[in-house]
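Notes for the structure review
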Amino acid sequence: LADMYRLGLIKMLDFIIPRHLGALAFLPGVLAALYARWRFSRGYQAGTQISTEGRLNGARSARILLDRNGMANVELYETPHSFSDHYDPRRRCVFLSIPVAEKQSVAALGLTAHVVGHAIQFKQEHRFFRLRMTLIGITGWVTNALLLMIVLGLLSTEDTKAFLLVGASSLYLLFVTTYLLSLSVEYEASRIALRELLRHKIIQENETAVVNRMLKACVWLDVPGLLLAYLGVFRLFFGRKHHGVDG
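First, a word on what this report is: a plain description of the structure on this page. Quick caveat, the model's predicted, so the values are computed rather than measured.

Before going further, it helps to spend a moment on the overall build of the protein chain. If you tally the helices and strands in the protein chain, you get ten helices and three strands. When the helices and strands of the protein chain are read in sequence order from the N terminus, they spell out α-α-α-α-β-β-β-α-α-α-α-α-α. Going through the 247 residues of the protein chain one by one, you find that 47% of them count as buried. A fraction of 75% describes how many contacts in the protein chain between residues 6 or more apart in sequence connect residues 24 or more apart. Working note: accessible area of the protein chain is about 13,300 Å², and carbon and sulfur atoms make up 61% of it.

Put into structure tokens, the structure is as follows:
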């Protein structure tokens, strides 16, 4: 079965794009992923070296922000995994990793506020946030469908390949849409985070620059996914033209 899968993958890739360009097609996405991770890590590490003047840790600041935004019913939990900080809209819970929850640093407050920003988006029924939730819920199905198309390429005729190309293009476009929405949601969450931190005097004006730099880095984490999804669509259409499927 594994050999059949590999053969089907190779056959589909031969149809999608010239083999000698296959590795280069996704290089921009890989470089963007490395840059985004570096930018986030750099911003976070810089923030961890600066203690907050208010002496608040992430958990305490999260509780303040939630309560003052009418979400006293949202519960807080600590998780042992690094960078597992997130808001779960289904359970109405905020999860903070232990270093973020317990540390009194500018980085901890910034990351906490970004997570709470998502809780505020959900409470305010932010349309892109809810739509992104729906699309993320079906990405597993979309991934399986793409894998199925690759395997079917092993036994496909030229006419069937053209049909698979249209289907794969549609699924890749769905990925692009999901990441575009995600970028918008993350940008808005970072904007809300900075606004709330300043409004409730959790950070001081002299701490704003460091926090803002890290919040922007949070948005960058979704850029590689968008770029890779877009390049997937480009590969499909480029390969179609190259192999003369259009006639």
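Picking up after the structure, the text goes on.
It is worth spelling out the sheet that holds strand β1 (residues 75–79) at this point. Spatially, the three strands line up as an open sheet ordered β1-β3-β2, and their pairing is mixed. The open sheet has two edge strands, β1 and β2 (86–88), and neither has a second partner. Adjacent strand axes in the sheet meet at a mean angle of 25° when their direction is disregarded. In terms of strand pairing, β1 meets strand β3 (residues 93–97) through five bridges, oriented parallel. By the bridge assignment for β3, T79 is matched with S97. Of the strands in this sheet, β1 and β3 are in contact with helix α4 (residues 58–68), which crosses β1 at around 160°.

Moving on: the packing of α4 against helix α6 (residues 106–123). Two elements in contact, α4 and α6, have axes whose closest approach is 9 Å; the angle formed by their N-to-C orientations is 35°. Remark: the crossing between α4 and α6 carries right-handed chirality. Between α4 and α6, the contacting residues are G58, S61, A62, L65 and L66 on the first element and A108, L109, T112, A113, V116 and A119 on the second.

Now for the pattern of salt bridges. Between side chains of opposite charge, a pair can form when the charged atoms approach closely. As enumerated under the stated definition, the model contains five salt bridges in all. One salt bridge connects E186 with R132, and the closest N-O pair in it is separated by 2.9 Å. Placement of E186 in helix α8 (residues 158–199) and of R132 in helix α7 (residues 127–152) is noted, with a sequence separation of 54 residues between them. Each member of the pair, E186 together with R132, is buried.

Counting 39 residues, the largest nonpolar core has L66, Y87, V94, L111, L197, I202 and V211 as the members making the most contacts within it. Elements supplying a minimum of two residues to this core: α3 (27–48), α4, β3, α5 (98–102), α6, α8 and α9 (208–220). What L66 contacts, discounting residues up to four positions off in sequence, is M71, A72, V74, L76, V94, V116 and A119. Core analysis: the next-biggest nonpolar cluster, separate from the first, contains eight residues, V142, M149, A168 and F175 among them.

Right, let's talk about the side chain of S97 for a bit. Mapping S97 onto the fold places it in strand β3. With relative accessibility at 2%, the residue S97 sits in the buried group.

What follows is about the packing of aromatic side chains. Geometrically, a pair of aromatic rings is defined through the distance of the ring centres and the angle of the planes. Taken as a whole, this structure holds six aromatic pairs when the rule is applied. Where Y77 meets F95, the ring centres are 5.6 Å apart and the plane angle is 25°; that geometry is what we call stacked. Here Y77, found in strand β1, pairs with F95, found in strand β3; they are 18 residues apart in sequence, far enough to count as distant. Overall, the relative accessible area of 35% leaves Y77 in the partly exposed class. Residue F95 is classed as buried on the basis of its relative accessible area of 10%. Here a set of aromatic residues connected by ring pairs shows up, and it is made of F40, Y44 and F83. Against the face of F128 rests R127, its NZ or CZ located 5.3 Å from the ring centre.

Rules used throughout
- Residues numbered from 1 in each chain as written.
- Predicted model: local features only at pLDDT ≥ 70, side-chain atom pairs only at ≥ 80, totals over all residues.
- Heavy atoms only, no water.
- Helix = DSSP H or I, 4+ residues; strand = E, 2+ residues; numbered from the N terminus.
- Buried < 20%, exposed > 50% of the residue type's maximum accessible area, 1.4 Å probe, protein only.
- Contact = heavy atoms within 4.5 Å.
- Areas by Shrake-Rupley, 256 points an atom, 1.4 Å probe, with all protein chains shown as cover.
- Pairing = 2+ DSSP bridges.
- Axes fitted to C-alpha atoms, helices over the stretch in contact; angles between N-to-C directions.
- Left-handed = near helix turned anticlockwise from the far one by under 90°.
- Salt bridge = Lys/Arg side-chain N within 4 Å of Asp/Glu carboxyl O.
- Core = buried A, V, L, I, M, F, W, Y, C linked by side-chain atoms within 4.5 Å.
- Phe/Tyr/Trp six-rings, centres within 6.5 Å; stacked < 30°, edge-to-face > 60°.
- Lys NZ or Arg CZ within 6 Å of the ring centre and 35° of its normal.

Note that all results are geometric; they support no functional claim without further evidence.
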